Amino acid sequence: MSKAENKSPYQIAQEQFDLAAEFMGLEDDLRCILRVPKRELTVNFPVRMDDGSVQAFTGYRVQHNVTRGPGKGGIRYHQNVSLDEVRALAMWMTWKCAVVNIPFGGAKGGVVVDPTKLSLRELENLTRRFATEISPLIGQDGDIPAPDVNTNAQIMAWLMDTISMHTGHLESAITTGKPLGLGGSLGRSDATGRGVSFCVAQAAKFLNMDLKDAPTVVQGFGNVGSVSARMLHDLGCRIIAVGDVYGSIYNPKGIDPHALVQHMKKTRTVMDYPDCEPVPNEDLLEIKCDVLVPAALEEQITAENAPRIRPKILAEGANGPTTPEADKILFENNVFVIPDILCNAGGVTVSYFEWVQDLQSFFWDESEINHRLKLVMDSSFQAVNERAQAHKIPLRLAANILAIERVAEATRLRGIYP
Ligand code: GLU
């Protein structure tokens, strides 16, 4: 819940939808269908802990829309997961898949848990039991989970194995983001950050801006943040500040994200990286820079701090980092916001490639995957940006309009059953 605006992510997702629906004059029937999730499953389940005790957990799987294809979206493990958050994330997945035009709907899952407090065995027990609880919804043609905040390839392997044990044979296409030795795809683990860097490169070209030595700030150093930082550094950007949940670090001369990844492997945090000054997390986003990549959680940029956030490019690696009130301020201040549903769509795009490879049992090499990813990201960026410039509207509104048009068209074509 945003402190400044007192709205849940779901209220924000609906507000963004209403804005787009109004702008495009979407008919009322479709507004009713598309503004709420299609299916929501809440599960309460026990897990046997290492000390022999039993703990109860709550989890969710929400399918916002499956009109254009199976539900697609990650599963997150976080102590603040709520049904409203998962609803919002599922809705954003629908628009994300539509904006890059891959044949998936939108879904999301989550478990209310701080996974850093669990042993590996407990994490596996929790994952296998959660997989079993949500299994009525999961399937290669129905709903395909992937990693998200605090989940990874190993967790996808356990999920996939659990469902496969139920059916009695390997079901590799029921999750994506799996380990390479188990039907995972080359390029998947870097895909979201790679997509972010493609979008930043396109934006810089459009703005006539040189990325060489461009001061860059990255919030979050998990999969999305760390890969975005590496790829932007390789494009010439100077990474001057990085933050994670434990704190932020600043060095105006530049931080080598490749070395920072090695440091992080040892210490699990970016803190104490040599030659850097510590910065309070509240100040990280306000550091003067050209490129800002929020790659952590929702509602980080609000009406409260937005007036002080003035990068040239704001590339949303995270889902939902900016509130609608902040969006207005950023637009007035000429900040070029690349919205989450476009900017971080590289992950789900390579998830789509992984699913296609699993279904065909035929695997592509990495250069083919990265090449196809670039085609998808660049053409989606162009389509969204053209729409935004033509109507003088923010890219988020343009992306939502494009996405909603595609889902609305599919819904009209399929018709209302019965
Ligand atoms: N969790 C990622 C996202 O928010 C990836 C989803 C997927 O690959 O299905 O886009």
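Residues numbered from 1 in each chain as written. Predicted model: local features only at pLDDT ≥ 70, side-chain atom pairs only at ≥ 80, totals over all residues. Heavy atoms only, no water.

Undergrad: Help me out: how do you make sense of the pattern of salt bridges in this one?
TA: Side chains that differ in charge, positive against negative, can pair when their charged atoms come close. Counted under the stated rule, the structure contains 29 salt bridges. Here Arg412 and Glu27 are joined by a salt bridge, their closest N and O atoms 2.7 Å apart. Here Arg412 is found in helix α14 (residues 395-414), whereas its partner Glu27 is found in the loop between α1 (9-24) and α2 (28-34), with 385 residues between them in sequence. The closest approach of N and O atoms between Arg396 and Glu316, which form a salt bridge, is 2.9 Å. Pair noted here: Arg396 is in helix α14 and Glu316 is in the loop between β11 (313-315) and α10 (324-332), with a separation of 80 residues, a long-range link. One exposure class covers both Arg396 and Glu316, and it is buried. Salt bridges here are not isolated pairs; linked through shared partners, they connect Arg76, Glu85, Lys108, Asp148 and Glu298. (Salt bridge = Lys/Arg side-chain N within 4 Å of Asp/Glu carboxyl O. Helix = DSSP H or I, 4+ residues; strand = E, 2+ residues; numbered from the N terminus. Buried < 20%, exposed > 50% of the residue type's maximum accessible area, 1.4 Å probe, protein only.)

Undergrad: Would you mind going over the site of the ligand with me for this structure?
TA: Contacts to the ligand come from 14 residues, most closely from Lys72, Lys96, Pro147, Asp148 and Ser351. Take Lys72: an N or O atom from its side chain is 2.7 Å from an oxygen atom of the ligand. Here an oxygen atom of the ligand and a side-chain polar atom of Arg188 are 3.1 Å apart. Relative to its unbound accessible area of 290 Å², the ligand is 94% covered by the protein chains. (Near = heavy atom within 4 Å. Polar contact = N/O pair within 3.5 Å; in protein donor to acceptor, adjacent residues only side chain to side chain. Areas by Shrake-Rupley, 256 points an atom, 1.4 Å probe, with all protein chains shown as cover.)

Undergrad: I tried to follow the packing of aromatic side chains on my own but got confused; where do I start?
TA: Each aromatic ring pair is characterised by the separation of its centres together with the angle its planes make. Using the criterion set out here, one finds ten aromatic pairs in the structure. Measuring from centroid to centroid gives 5.7 Å for Phe104 and Tyr352, while their planes differ by 90 degrees, and the two rings are edge-to-face. Of the two residues, Phe104 sits in the loop between α3 (83-99) and β4 (106-112) while Tyr352 sits in helix α12 (residues 346-360), which places them 248 residues apart along the sequence. Phe104 sits in the buried class, given a relative accessible area of 1%. (Phe/Tyr/Trp six-rings, centres within 6.5 Å; stacked < 30°, edge-to-face > 60°.)

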